[in-house]
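Next come the chains, spelled out residue by residue.
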Amino acid sequence: MGCASVRKCPPEPRRYSQAIGVPGNRPPSRTRLQRGDLRAAWIEHAAEWIAWARVPGHDSYPTFHRDLFLPLVPAPGRRTLDVGCGEGRLSHDLTQLGHTVIGIDRSPMMVEAARTAYPEIAFEEADAAALSFPDASFDCVVAFMSLQDTEDLDAVIRECGRVLSEGGRLCFAIVHPLNSAGWFEEPTADAAFVIEGSYLNESFYEDSLARDGLTMTFVSKHRPLSSYADALAQAGFLIERIGEPSVPDDAAEGRTRRWQRVPLFWHCRAVKLSIATSPRSSD
Ligand SMILES: C[S@@+](CC[C@H](N)C(=O)[O-])C[C@H]1O[C@@H](n2cnc3c(N)ncnc32)[C@H](O)[C@@H]1O
């Protein structure tokens, strides 16, 4: 992935305050990058992530995000694929709800950690852009906070569509594209939200935060909503539901109150149609 498809970046990395997830001891910072190697970043930061995800209070998932996402997921069917499963927490939660889950991730350390923690679940090291599963072999695919961390979004969504049977659902959560395009000028609840450069162009960014002795670095790609909508349409999906979760009242305090005005995440459920459509076709 080069800078050709990337929006015009500022000449030097720029840091600014940005709160993502639950409140922290130190304000998180964001650097807009000239380019990004998302695969290498997630391999490099896998150990940090495993610790971060597993210590209560270090990530929004157990605090509120899981409970906003799970209602999107259909009732258990034949088989559910967890794309970018990380250390396995969502695969585990879906298994507890009755899903038969296979989790895949391209970071070997994530897969190892998932297998160790949840030996009853099948986890495989794989790139979601080139899955080895047969066509129509799942009736549900989930991708929780992994699509903004992948380079080839079109290929990943196409593969999700290929392995889903007709009528199957793809449910995903990403950093909301408004969130990844901008930042708040101040930590106050009524702070102005600013987009520098372009919302419409793609760009790479790094979010870095530290809390109670743990650090975490997220390297991700900003894309406008239309990139996701186009990829879904090209892969034969129809968007069924969307959500724009912010910080709920019971988790909001201090600097996170501003995230009650701007969405943190984008949730989407799409149904696989029988025929792939083109967003450029007239119908
Ligand atoms: C923020 S973590 C989320 C992990 C997990 N879904 C969770 O919420 O706990 C993103 C994960 O997506 C994985 N990932 C990104 N692109 C991928 C791809 N193309 N194929 C497989 N895994 C991918 C990364 O390795 C990383 O483990």
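Residues numbered from 1 in each chain as written. Predicted model: local features only at pLDDT ≥ 70, side-chain atom pairs only at ≥ 80, totals over all residues.

1. Things to note about the overall build of the chain
Right, so step 1: Each helix and strand in the chain was counted, giving eight helices and 13 strands.
Right, so step 2: Looking at the chain as a whole, 42% of its 283 residues qualify as buried.
Right, so step 3: The contacts of the chain with a sequence gap of at least 6 include a subset with a gap of at least 24, amounting to 70%. (Helix = DSSP H or I, 4+ residues; strand = E, 2+ residues; numbered from the N terminus. Buried ≥ 20, exposed ≤ 12 C-beta atoms within 10 Å, placed from the backbone. Contact = placed C-beta atoms within 7 Å.)

2. Topic: helix α2 (residues 46–54)
Right, so step 1: Three or more residues of α2 are buried, namely Ala46, Trp49, Ile50 and Trp52. Looking down the long axis of α2, one finds its buried residues gathered within 170 degrees of arc, a one-sided arrangement.
Right, so step 2: Elements that come into contact with the buried residues of α2 comprise α1 (38–44), α5 (108–117) and β11 (214–222). (Arc of directions from axis to C-beta.)

3. Some thoughts on the site of the ligand
Right, so step 1: Gly84, Gly86, Ala128, Ser146 and Thr150 are the nearest of the 22 residues found near the ligand.
Right, so step 2: Those elements that provide at least two residues to the shell around the ligand are α4 (89–96) and β4 (101–105).
Right, so step 3: Looking at the shell around the ligand, its residues break down into 12 nonpolar, five polar and five charged. (Near = placed C-beta within 6 Å. Nonpolar A, V, L, I, M, F, W, Y, C, P; charged D, E, K, R; others polar.)

4. A short note on the confidence of the model for the chain
Right, so step 1: The share of residues in the chain with pLDDT of 70 or more is 87%, and the mean pLDDT across the chain is 88.
Right, so step 2: Looking across the chain, the model is least confident in strand β1 (residues 15–17), with a mean pLDDT of 29, and most confident in strand β3 (residues 80–83), with 99.
Right, so step 3: Contacts from residues 1–24, a stretch scored under 50 in pLDDT, to residues over four places away or in other chains number 59 contacts. (pLDDT = per-residue confidence, 0-100.)

5. Re unusual backbone geometry
Right, so step 1: Even without glycine at this site, Ala136 takes up a positive phi of about 55 degrees.
Right, so step 2: Within the fold, Ala136 resides in the loop between β5 (122–125) and β6 (138–144).
Right, so step 3: For Ala136, a count of 14 C-beta atoms within 10 Å puts it in the partly exposed group.
Right, so step 4: A positive phi angle, near 60 degrees, is found at Met145, a position not held by glycine.
Right, so step 5: For Met145, a count of 21 C-beta atoms within 10 Å translates into the label buried.

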